[in-house]
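Structural description and commentary
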Amino acid sequence: MYTLKDVAEKAGVTVTTVSRILNNRGYIGDATRKKVYRVMKELDYHPNQLARSLSLKKTRVIGIIVPSLLHPYFCETVNYLEFYASREGYKVMLCNSNHQEEKEHEYINMLKSNKVSGIVLSSRTENIEKILPDDLPVITFERVISNRISSVSCDNFLGGETATRYLLEIGCKNLLHISGTHNILMPADARRDAFVKVCEESQIPYKIYNTVEAQFDSLDYEEYLEQIIQENPGIDGIFASSDVIAAAVISVCSKNNIRIPADIKLVGFDDTKLASLTTPKITTIRQPIEQMCKCAIDVLIRQVEEGYLPTKTVMSVALIKRESA
């Protein structure tokens, strides 16, 4: 008895392509469609109608859980996730947890009850794995939970290393890193680790300041940053762990007549749209947000439609030079 995979191999296409043709989903060229049907006829392949009917009863909805819709990073993430889900014939159900563990749990249960096809999860709470359903495909975004759950993230260590080395290359001698803070281990912590590694290898003085979760929620960093800058008059280079923090640094420096980049050179992280809207525009580490979102949707759908095994994807980053350094 021939299988979907046999049809795909003989037709020279992917299993996903055959599945899309059978379910009449997404754009497939006429030539490809005819070739697949010809191979099915040659092999006398007949889809399991019961399995197909059960499959078609799925909601074709992907749940997305993010910790904040105020943060520019998550706004862009949601935008691209919806775009690529829609392109594959899926709708999205958006959940904003506001960093509340209880809300995150409620949303996961709600999505399961609504029989979504899968979940893209950007979680910052502990022990989230314990409540994730075993029978529902999940992929985590900028968070690695376990080997049994797919994840997609950027190379945060390379980003931190690149940002710090660049500040040294352009003449900085006294560096400061303003880090995000988490109550759990997160891939983004590697940005700080890389900063420390480069500074210590280069034997230059450095300081690290951690922000708090409330600041991440409110995006209100200025009072804290003003204190930091007043306490460190000798600082000539700052690596901020996000563009939002970098933008706040620019605002505080402007109020205190500190020139960027003449007095302090500044590098951010993420390369959200915000990085091009400040004055000066922010030199930053670009996360490939759009490509990460496309990957997350592709992997999730493969798990939904093919039982694809979980994968861990780490995407490279790049230094985007603008005006702040």
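Here we summarise the structure given alongside this text. (Residues numbered from 1 in each chain as written. Predicted model: local features only at pLDDT ≥ 70, side-chain atom pairs only at ≥ 80, totals over all residues. Heavy atoms only, no water.)

A few points about the overall build of the protein chain
When helices and strands are tallied, the protein chain shows 12 helices and 12 strands. Along the first, second and third principal axes, the C-alpha set of the protein chain runs to 75 × 40 × 35 Å. Per-residue burial over the protein chain gives 51% buried out of 325 residues. Relative to all contacts within the protein chain whose residues are 6 or more apart in sequence, the contacts with residues 24 or more apart total 70%. Accessible surface, the protein chain as shown: approximately 15,700 Å² in total, 50% of it carbon and sulfur. A gap of 9 Å separates the mean positions of the 39 positive and 41 negative side-chain charges of the protein chain. (Helix = DSSP H or I, 4+ residues; strand = E, 2+ residues; numbered from the N terminus. Buried < 20%, exposed > 50% of the residue type's maximum accessible area, 1.4 Å probe, protein only. Contact = heavy atoms within 4.5 Å. Areas by Shrake-Rupley, 256 points an atom, 1.4 Å probe, with all protein chains shown as cover. Lys, Arg positive; Asp, Glu negative; His and termini not counted. Charge placed at Lys NZ, Arg CZ, Asp CG, Glu CD.)

Things to note about empty space enclosed by the protein
In this structure the tally under the stated criterion is 2 cavities of 30 Å³ or more. Counted as a void, the second largest cavity has a volume near 30 Å³. Along the walls of the second largest cavity sit Ile64, Ile65, Val66, Thr77, Leu81, Val120, Leu121, Ser122 and Phe141, which together make up its complete lining. Every element with two or more residues in the lining of the second largest cavity is listed here: strand 1 (61-66), helix 5 (72-87) and strand 3 (118-121). (1 Å grid on protein atoms, 1.4 Å probe; cavity = no way out; pocket = protein on both sides within 12 Å on 5 of 7 lines; lining within 4 Å. Points joined across faces, edges and corners; volume = space filled by probe spheres on them.)

Remarks on the packing of aromatic side chains
Counted by the stated rule, this structure contains 5 aromatic pairs. Ring geometry for phenylalanine 195 against tyrosine 206: centres 5.8 Å apart, planes inclined by 90°, an arrangement best described as edge-to-face. Of this pair, phenylalanine 195 sits in helix 8 (residues 189-202) while tyrosine 206 sits in strand 7 (residues 206-210), and the two are 11 residues apart along the sequence. When its relative accessible area of 0% is taken as the criterion, phenylalanine 195 is described as buried. The exposure class assigned to tyrosine 206 is partly exposed, which follows from its relative accessible area of 27%. Ring geometry for phenylalanine 195 and phenylalanine 239: centres 6.4 Å apart, planes at 40°, overall tilted. Placement of the pair is phenylalanine 195 in helix 8 and phenylalanine 239 in strand 8 (residues 237-240), with a sequence separation of 44 residues. What links up through ring pairs into an aromatic cluster is the set Phe195, Tyr206, Phe239 and Phe269. Geometry around tyrosine 90 places arginine 60 over its ring, the cationic atom sitting 4.3 Å from the centre. (Phe/Tyr/Trp six-rings, centres within 6.5 Å; stacked < 30°, edge-to-face > 60°. Lys NZ or Arg CZ within 6 Å of the ring centre and 35° of its normal.)

Focus: the packing of helix 5 against helix 12 (residues 289-306)
Between helix 5 and helix 12, whose axes approach to 8 Å, the crossing angle comes to 45°. In terms of orientation, helix 5 and helix 12 fall into the oblique class. Like other packed secondary-structure pairs, helix 5 and helix 12 cross with a definite hand, here right-handed. Contact residues: helix 5 offers Tyr73, Glu76, Thr77, Tyr80, Leu81, Tyr84, Ala85 and Arg87, while helix 12 offers Ile289, Glu290, Met292, Cys293, Lys294, Ala296 and Ile297. (Axes fitted to C-alpha atoms, helices over the stretch in contact; angles between N-to-C directions. Parallel < 35°, antiparallel > 145°, perpendicular 65-115°, else oblique. Left-handed = near helix turned anticlockwise from the far one by under 90°.)

Quick look at the sheet that holds strand 9 (residues 265-270)
The strand order across the open sheet built from 6 strands is 7-6-8-9-10-12, with neighbouring strands paired in mixed fashion. Unpaired on one side and paired on the other, strand 7 and strand 12 (318-320) mark the two borders of the sheet. Each strand axis lies, on average, 20° off the axis of its neighbour in the sheet, ignoring direction. Of the strand pairs in this sheet, strand 8 and strand 9 are connected by 3 bridges, and their pairing is parallel. Each residue of the ladder has a partner; that of phenylalanine 239, found in strand 9, is valine 267. (Pairing = 2+ DSSP bridges.)

Considering the packing of helix 7 (residues 156-169) against helix 8
The axes of two packed helices give the description: the angle between them and the distance between them. Across the interface, helix 7 lies against helix 8 with an axial gap of 7 Å and an inter-helix angle of 40°. As summarised for this structure, helix 7 and helix 8 are arranged oblique, according to the angle between their axes. When the axes of helix 7 and helix 8 are compared, the crossing they make is right-handed. In contact with Asn156, Phe157, Gly160, Glu161, Thr164, Arg165 and Leu168 of helix 7, helix 8 contributes Ala190, Arg191, Asp193, Ala194, Phe195, Lys197, Val198, Cys199, Glu201 and Ser202. Of the residues assigned to the contact of helix 7 with helix 8, the class counts are 7 nonpolar, 4 polar and 6 charged. (Nonpolar A, V, L, I, M, F, W, Y, C, P; charged D, E, K, R; others polar.)

Some points on the pattern of salt bridges
All chains considered together, the criterion is met by 14 salt bridges. For arginine 38, the salt bridge goes to glutamate 42, with nearest N and O atoms at 4.0 Å. Of the two residues, arginine 38 and glutamate 42 both sit in helix 3 (residues 30-43), 4 residues apart, roughly one turn of that helix. In this structure arginine 38 comes out as partly exposed when scored by relative accessible area, which is 45%. (Salt bridge = Lys/Arg side-chain N within 4 Å of Asp/Glu carboxyl O.)

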